[in-house]
Amino acid sequence: MTVRRLEPHATTIFSEVTQLAARVGAVNLGQGFPDTDGPASMIEAAVRAMREGHNQYPPGTGVPELRHAIVAHETEHTGLVHDPDTEVLVTVGATEAIAGAVVGLVEPDDEVVVIEPYYDSYAATVAMAGATRRAARMVRSGDHFRLDVDSLRAAFSPRTRAVLVNTPHNPTGAVLPREDLAQIAALCHEFDAIAISDEVYEHLTYDHNEHVSIATLPGMAERTLRISSAGKMLNCTGWKIGWVTGPAELVAGVRAAKQYMSYTAGTPLQLGVAHALSHEGEWIRTLRDGMQDRRDQLVDILTGVGLDLAVTQGTYFLTADPRPLGVTDAASWCLELPERIGVAAVPFAPFTDSYSDEWSHLVRFAFCKRPGVLEEAGLRLRALAN
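Just so we're clear, the structure is a prediction, and the values are computed from it rather than from any experiment.

Asks: In this structure, what is going on with the overall build of the chain? I would like to understand it.
Replies: Regarding its fold elements, the chain presents 13 helices and 14 strands. Taken over C-alpha atoms, the radius of gyration comes to 20 Å for the chain, in line with the 21 Å a tight globule of 386 residues would show. Counting only C-alpha atoms and orienting by the principal axes, one finds that the chain spans roughly 60 × 55 × 50 Å. When each of the 386 residues of the chain is scored for burial, the buried share is 57%.

Structural data, given as structure tokens:
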């Protein structure tokens, strides 16, 4: 029997919608995974590693080649400099990095601030730690989303141990500007809290929007854990290679928890990712351009059938409001869509709690698919216009 604190998290909306889409043969625009491979040289490097005998446990912190590649990549893109031996930890995807950070650094009587709507693992990992979740929120400002600073300040208290920051933001597609991050940083200093910064979409920003890591703000490097992932950066979500960087004492807390979750991630896959980080910078830049084109393609499709869209500045996702079609309960609508028209999407409701009524009408569509797949989805979505 599932423990009470995890009963609300017994299943995820992603698995529910994906299973439904598979059963009826729907185009799955719900779960955020690309349908094309990462760099060929990365795959070949992993295959070569397997053939050369790199098939046993790597060090618990990750293979040295990947840890050094992570440091070089982060320094190039953020200016941050880390010790690859004490300030870098390779994880089984970013989700494990987040779980390790919360479980390893948050006490049961602590509070963790999340920003709604949030990636669903955030709430589950706070529950695993036995801590209390406090919610701030994003709000729509014109044609995109921004942080509601008043709700953020209200969520912090003397019991706040950490705030989970996510930019580029899933599911709204917002890229938090420096001034919003400065508000978070100021509260971290005031309440002596740490920032756990989920930056897995750091290279997927559009229309000249700049990704800024909160770790680069004054005084934040020493109180921030920065989390990223090869899955989103290199189109290999199934490899589950993520990492966390930050001060040695904070990374040690993550490692203490992580070593009993998975101990370590696949050796040859780590070596493949190390190769890509060191040699495939141009591929990563090209991926961003291609994703922007796919975003624009899906924007045209969804606006064409009458949905109201917020501007996506980053990530894989578009925020759609179907109320112009007469839809007010997005969760029920999303469960009907696969069988009704053969397209799957996910509602915002599972990404919220305190402010759930404000999000119940919104839907997330993923555009990280081949243009032909999006075109097929568009043909099916035309039924909504009728």
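Asks: Just checking my understanding: could you explain helix 4 (residues 93–105) for this structure?
Replies: Quick reminder: α-helices carry 3.6 residues per turn. Residues three or four places apart thus point the same way. With 13 residues, helix 4 ought to run about 18 Å at 1.5 Å a step, and its terminal C-alpha atoms sit 18 Å apart, in line with that. With 10 of 13 residues buried, helix 4 lies mostly within the body of the structure. Residues of helix 4 that are buried include every one of Gly-93, Ala-94, Glu-96, Ala-97, Ile-98, Ala-99, Gly-100, Ala-101, Val-102 and Leu-105, and no others.

Asks: Explanation requested: the UniProt feature "domain: Aminotransferase class I/classII large" (unreviewed entry) in the chain in the structure shown.
Replies: As annotated by UniProt and renumbered to match this structure, "domain: Aminotransferase class I/classII large" (unreviewed entry) occupies residues 27–353. End C-alpha to end C-alpha, residues 27–353 measures 28 Å, and it is 41% helix and 18% strand.

Asks: It is not clear to me how the packing of aromatic side chains should be interpreted in this structure. Could you clarify?
Replies: For the coordinates displayed, the defined rule picks out 10 aromatic pairs. Geometrically, the ring pair formed by Tyr-119 and Tyr-122 is edge-to-face, given 6.0 Å between the ring centres and 80 degrees between the ring planes. The class for Tyr-122 is buried, based on a relative accessible area of 1%. Between Tyr-201 and Tyr-316 the ring centres are 5.3 Å apart and the planes differ by 75 degrees, which places this aromatic pair in the edge-to-face class.

Asks: Looking at this structure, how should I read the environment of Ser-278?
Replies: Structurally, Ser-278 can be placed in helix 10 (residues 267–279). Taking the C-alpha atoms as reference points, Ser-278 and His-73, separated by 205 residues in sequence, lie 7.5 Å from one another. Looking at Ser-278, its side chain comes within polar contact range of the main-chain oxygen of Ala-274, at 3.1 Å.

Asks: Which parts of the structure should I look at to understand the pairing of strand 9 (residues 242–245)?
Replies: Regular strands place their side chains on alternate faces of the sheet. Neither face of strand 9 is left uncovered, since the one carrying Gly-242 and Val-244 and the one carrying Trp-243 and Thr-245 both have all their residues buried. Here four bridges tie strand 8 (residues 224–229) to strand 9, and the two strands are oriented antiparallel to one another. The partner of Ser-228 across the bridge, within strand 9, is Trp-243.

Asks: Could you clarify how one ought to interpret the pattern of salt bridges in this entry?
Replies: Between side chains of opposite charge, a pair can form when the charged atoms approach closely. Inspection of every chain in the model, using the stated rule, returns 20 salt bridges. Across the salt bridge formed by Glu-111 and Arg-159, the nearest N and O atoms sit 3.4 Å from each other. Here Glu-111, found in strand 3 (residues 111–116), pairs with Arg-159, found in the loop between helix 6 (149–155) and strand 6 (160–166); they are 48 residues apart in sequence, far enough to count as distant. Accessibility expressed as a relative area gives 6% for Glu-111, which makes it buried. For the salt bridge of Asp-296 with Arg-295, the shortest nitrogen-to-oxygen distance reads 2.9 Å. Of the residues examined, Asp-296 reaches a relative accessible area of 32% and is grouped as partly exposed. A single salt-bridge network, built from bridges that share partners, covers Glu-74, Glu-199, Glu-202 and Arg-226.

Asks: Where do I start with a nonpolar patch on the surface in this structure?
Replies: On the surface, a nonpolar cluster with roughly 230 Å² of combined accessible area is contributed by Val-103, Met-128 and Met-261. Along the chain, Met-261 turns up in the loop between helix 9 (248–258) and helix 10. For Met-261, a relative accessible area of 38% corresponds to the partly exposed category.

Asks: Whenever I open this one, helix 1 (residues 13–24) confuses me. Can you help?
Replies: For helix 1, built from 12 residues, the straight-helix expectation of 16 Å at 1.5 Å per residue is met to within 8% by its first-to-last C-alpha distance of 17 Å. Taken residue by residue, helix 1 has Ile-13, Phe-14, Val-17, Leu-20 and Ala-21 as its buried positions. Looking straight down helix 1, one finds its buried side chains confined to an arc of 140 degrees; they lie on one side. Residues Gln-19, Ala-22 and Arg-23 are exposed on helix 1 and point more than 90 degrees away from its buried face. Buried positions along helix 1 lie against strand 1 (27–28), helix 12 (330–341), strand 12 (343–344), strand 13 (346–347) and strand 14 (363–366). In the stretch just after helix 1, Gly-25 is the one whose phi turns positive, near 75 degrees.

Asks: Looking at this structure, I do not really get the sheet that holds strand 7 (residues 194–198). What am I missing?
Replies: Strands belonging to one sheet form pairs held by backbone hydrogen bonds; the direction of such a pair is parallel or antiparallel. Pairing within the open sheet is mixed, and its eight strands lie in the order 2-9-8-7-6-3-4-5. Lying at the two open borders of the sheet, with one neighbouring strand each, are strand 2 (88–91) and strand 5 (144–147). Each adjacent strand pair in this sheet contributes to an overall mean axis angle of 25 degrees, direction not counted. Bridging between strand 7 and strand 8 involves four bridges; their strand directions are parallel. Bridging from a neighbouring strand, Ala-195 pairs with Thr-224 of strand 8. Contacts from helix 3 (residues 64–78) reach strand 2, strand 8 and strand 9, with the element oriented near 110 degrees to strand 2. Against the sheet, helix 7 (residues 178–191) contacts strand 3, strand 5, strand 6 and strand 7, and its axis sits at roughly 165 degrees relative to strand 6.

About the criteria used
Residues numbered from 1 in each chain as written. Predicted model: local features only at pLDDT ≥ 70, side-chain atom pairs only at ≥ 80, totals over all residues. Heavy atoms only, no water. Helix = DSSP H or I, 4+ residues; strand = E, 2+ residues; numbered from the N terminus. Rg over C-alpha atoms; globule rule 2.2 N^0.38 Å. Buried < 20%, exposed > 50% of the residue type's maximum accessible area, 1.4 Å probe, protein only. Expected span 1.5 Å × (residues − 1). UniProt positions renumbered as here; feature names shortened; annotations may be inferred. Phe/Tyr/Trp six-rings, centres within 6.5 Å; stacked < 30°, edge-to-face > 60°. Polar contact = N/O pair within 3.5 Å; in protein donor to acceptor, adjacent residues only side chain to side chain. Pairing = 2+ DSSP bridges. Salt bridge = Lys/Arg side-chain N within 4 Å of Asp/Glu carboxyl O. Patch = residues over 30% accessible without salt bridge, like charges linked within 9 Å, V, L, I, M, F, W, Y side chains within 5 Å. Areas by Shrake-Rupley, 256 points an atom, 1.4 Å probe, with all protein chains shown as cover. Arc of directions from axis to C-beta. Contact = heavy atoms within 4.5 Å. Axes fitted to C-alpha atoms, helices over the stretch in contact; angles between N-to-C directions.

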